[in-house]
Amino acid sequence: MKHITITTLAAMLLGTAGAFAVESAAYTKPSGFVTHTLKAGQFNLIGLTLHQPIAVTGAFETVSGTTLTDSDVNFDTALTAGTTYILEIIDAADTSLNGTIQEVTDWSGNTITTPQNLVTDGLAVGDKYQLRAAKTISDIFGATNIAGLQPTDEFKSDEADVVFVPNGAGFDKYFYSNLTGATGWFKSDFTAADNAPLPYMDAIFVLRRAATDLNLVVTGSVKTIQVTLALGAGAFNYITTVYPVGATLGNSGLEANLTATDEFKADEADVVYMPNGSGGYNTYFYSDLTGAIGWFKSDFTDATNVPMQTGIIILRRGAAINATITPPSSYSGL
């Protein structure tokens with residue numbers, strides 16, 4: 001994938017299109033579009049690097065376990081029932097919490113409920129937050145499949161293109177049906193799924209069964225602050241790299257949380273897998289061996305300036321951990 005200089009990035013953020021090997025992007029501050037090329041006959045790993053606009057921003061006045069309160073906001077009127085929202089901590093007294101995210105589906109009045117207890121992590125009264133809706137499968141691919149994924153007209157998921165979404169224990173699978181009487185998005189268990197959420201933290205696979213490549217255009221807002229993502233222990237984690245352009249392994253900040261190797265051995269470090277455009281993956285690791293400090297490809301060539309694909313896989317060898325992804329320095333003025 002072509003490396004993008006800061007000069008090119010600045011031009012793109014003013015609306016000039018840029019070309020990539022398999023993905024392209026263009027923006028007008030602070031939003032724009034990304035084009036993902038879904039290659040025929042293969043699993044395509046992509047991340048949603050453009051996001052829904054911020055719906056609510058404020059500061060917590062009460063924090064108690066998983067119950068967080070902002071008396072200045074009525075979440076019943078500010079948020080849409082049945083929608084999944086992404087809570088992000090943006091300015092905490094404990095700055096290590098900045099960028100922490102949670103999926104929120106439960107709220108009432110001035111209170112939201114989180115799946116994890118952020119107070120035990122240091123969340124405090126006065127910490128600032130923002131909420132944005134998670135995009136849905138209809139948002140990304142179109143309620144009527146205007147993206148053009150191969151549908152099924154026999155209500156058979158094994159003949160359609162399939163979207164795989166990580167669920168923590170495997171994948172939920174979705175397909176589009178154009179069968180009369182059963183038109184729309186469905187999960188593989190054949191339940192209706194038009195509004196299935198696709199949280200931007202999770203990279204997704206698209207199995208393209210059709211014989212031709214497909215360009216998928218995704219629009220949205222550009223995030224400009226760091227994000228902290230949870231990585232499961234001893235597991236492959238499917239991650240969106242958040243920032244649509246300009247991000248490299250060297251400026252990602254991932255090395256601060258991932259396990260490095262001090263013996264220059266790729267098989268003892270956490271490993272980052274990035275699609276190579278041909279259905280396979282290039283693999284990378286971080287070394288802190290004196291004289292060989294930095295990011296390297298599995299063939300031990302320097303990988304500092306390797307551009308981040310929108311979707312990556314991180315093999316976490318050790319205990320569960322929160323990993324922070326930092327935006328390129330050029331995002332600071334946006």
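The notes below deal with the structure included here. (Residues numbered from 1 in each chain as written. Predicted model: local features only at pLDDT ≥ 70, side-chain atom pairs only at ≥ 80, totals over all residues. Heavy atoms only, no water.)

**What to know about the overall build of the protein**
- Helix and strand counts for the protein stand at three helices and 25 strands.
- Projected onto its principal axes, the C-alpha positions of the protein cover 65 × 55 × 40 Å.
- Burial analysis of the protein (334 residues in total) assigns 48% to the buried set.
- Nonlocal contacts in the protein, meaning residues at least 24 apart in sequence, comprise 69% of its contacts between residues at least 6 apart.
- Approximately 14,200 Å² of the protein is accessible, and the part contributed by carbon and sulfur atoms is 51%.
- Of the charged side chains in the protein, 16 are positive and 32 negative; the average position of the first set lies 7 Å away from that of the second. (Helix = DSSP H or I, 4+ residues; strand = E, 2+ residues; numbered from the N terminus. Buried < 20%, exposed > 50% of the residue type's maximum accessible area, 1.4 Å probe, protein only. Contact = heavy atoms within 4.5 Å. Areas by Shrake-Rupley, 256 points an atom, 1.4 Å probe, with all protein chains shown as cover. Lys, Arg positive; Asp, Glu negative; His and termini not counted. Charge placed at Lys NZ, Arg CZ, Asp CG, Glu CD.)

**Some thoughts on the sheet that holds strand β8 (residues 101-104)**
- An order of β4-β11-β7-β8 is seen for the four strands of this open sheet, with the pairing classed as antiparallel. Across the chains shown, the open sheet's two edge strands, defined by having one partner strand only, are β4 (54-59) and β8. Across the sheet, the mean angle separating the axes of adjacent strands is 25° when strand polarity is ignored.
- Where strand β7 (residues 85-91) meets β8, four bridges bridge the pair, whose relative direction is antiparallel. Residue Leu87 lies in a different strand from β8, and its bridge partner there is Gln102. (Pairing = 2+ DSSP bridges. Axes fitted to C-alpha atoms, helices over the stretch in contact; angles between N-to-C directions.)

**What about the environment of Trp295?**
- Along the chain, Trp295 turns up in strand β23 (residues 292-297).
- Taking the C-alpha atoms as reference, Trp295 lies 35 Å from Thr114; in sequence the two are 181 residues apart.
- Side chain to side chain, Trp295 and Glu255 meet in a polar contact 3.2 Å long. (Polar contact = N/O pair within 3.5 Å; in protein donor to acceptor, adjacent residues only side chain to side chain.)

**Some thoughts on the nonpolar core**
- Phe141, Leu254, Val272 and Trp295 are the most contacted members of the largest nonpolar core, which has 52 residues in total.
- Core analysis: the second largest hydrophobic core is formed by 20 residues, Ile89, Leu97, Leu123 and Ala133 among them. (Core = buried A, V, L, I, M, F, W, Y, C linked by side-chain atoms within 4.5 Å.)

**Observations regarding the environment of Asn178**
- Relative to the helices and strands, Asn178 resides in strand β14 (residues 171-179).
- Spatially, the C-alpha atom of Asn178 lies 53 Å from that of Phe264, the residues being 86 residues apart in sequence.
- With residues near it in sequence (within four places) discarded, Asn178 still touches Pro151, Thr152, Asp153 and Thr183.
- Only 3.4 Å separates the side chain of Asn178 from the backbone nitrogen of Asp153, close enough to count as a polar contact.

**A look at the pattern of salt bridges**
- Applying the stated criterion across every chain yields a total of seven salt bridges.
- The salt bridge involving Lys39 is made with Asp213; its shortest N-O contact spans 3.1 Å. Taken together, the residues Lys39 in the loop between β2 (31-38) and β3 (42-46) and Asp213 in the loop between β17 (204-208) and β18 (214-221) connect sequence positions 174 residues apart.
- Asp213 gets classed as partly exposed once you look at its relative accessible area, which sits at 41%.
- For the salt bridge of Lys187 with Asp172, the shortest nitrogen-to-oxygen distance reads 3.5 Å. Here the residue Lys187 occupies a position in strand β15 (residues 182-187), and Asp172 occupies one in strand β14, the gap between them amounting to 15 residues.
- On the accessibility criterion, Lys187 (26% relative accessible area) is partly exposed. (Salt bridge = Lys/Arg side-chain N within 4 Å of Asp/Glu carboxyl O.)

**Some words on the packing of aromatic side chains**
- In total, this model carries 23 aromatic pairs according to the counting rule given.
- Between Phe175 and Phe190, the ring centres sit 5.9 Å apart and the planes meet at 75°, which makes this aromatic pair edge-to-face. Pair noted here: Phe175 is in strand β14 and Phe190 is in the loop between β15 and β16 (197-198), with a separation of 15 residues, a long-range link.
- On the accessibility criterion, Phe175 (1% relative accessible area) is buried.
- You can call Phe190 partly exposed: its relative accessible area is 38%. (Phe/Tyr/Trp six-rings, centres within 6.5 Å; stacked < 30°, edge-to-face > 60°.)

**What to know about the pairing of strand β13 (residues 162-166)**
- Across the five residues that make up β13, a large majority, five, are buried.
- Residues Val162, Phe164 and Pro166 line one face of β13 and the alternating positions Val163 and Val165 line the opposite face, and both faces are buried.
- Judged from the three bridges that link them, β13 and β17 form a sheet pairing that is antiparallel. Bridge pairing in β17 links Phe164 to Phe205.
- Of the strand pairs in this sheet, β13 and β14 are connected by four bridges, and their pairing is antiparallel. Among the inter-strand pairings, Phe164 is bridged to a residue of β14, identified as Lys173.
- Taking the residues between adjacent antiparallel strands as the criterion, β13 and β14 are bridged by four residues, where Gly168 takes a positive phi near 95°.

**Remarks on the sheet that holds strand β5 (residues 62-64)**
- Sheet architecture is open: four strands sit in the order β5-β6-β10-β9, paired in antiparallel fashion. Pairing within the sheet leaves two strands with one partner each, and these edge strands are β5 and β9 (106-108). Averaged over all adjacent pairs, the angle separating strand axes in this sheet is 15°, with direction ignored.
- For strand β6 (residues 67-69) and strand β10 (residues 111-113), the ladder comprises three bridges, and the chain directions are antiparallel. Residue pairing for β10: Leu68 is matched across the bridge by Ile112.

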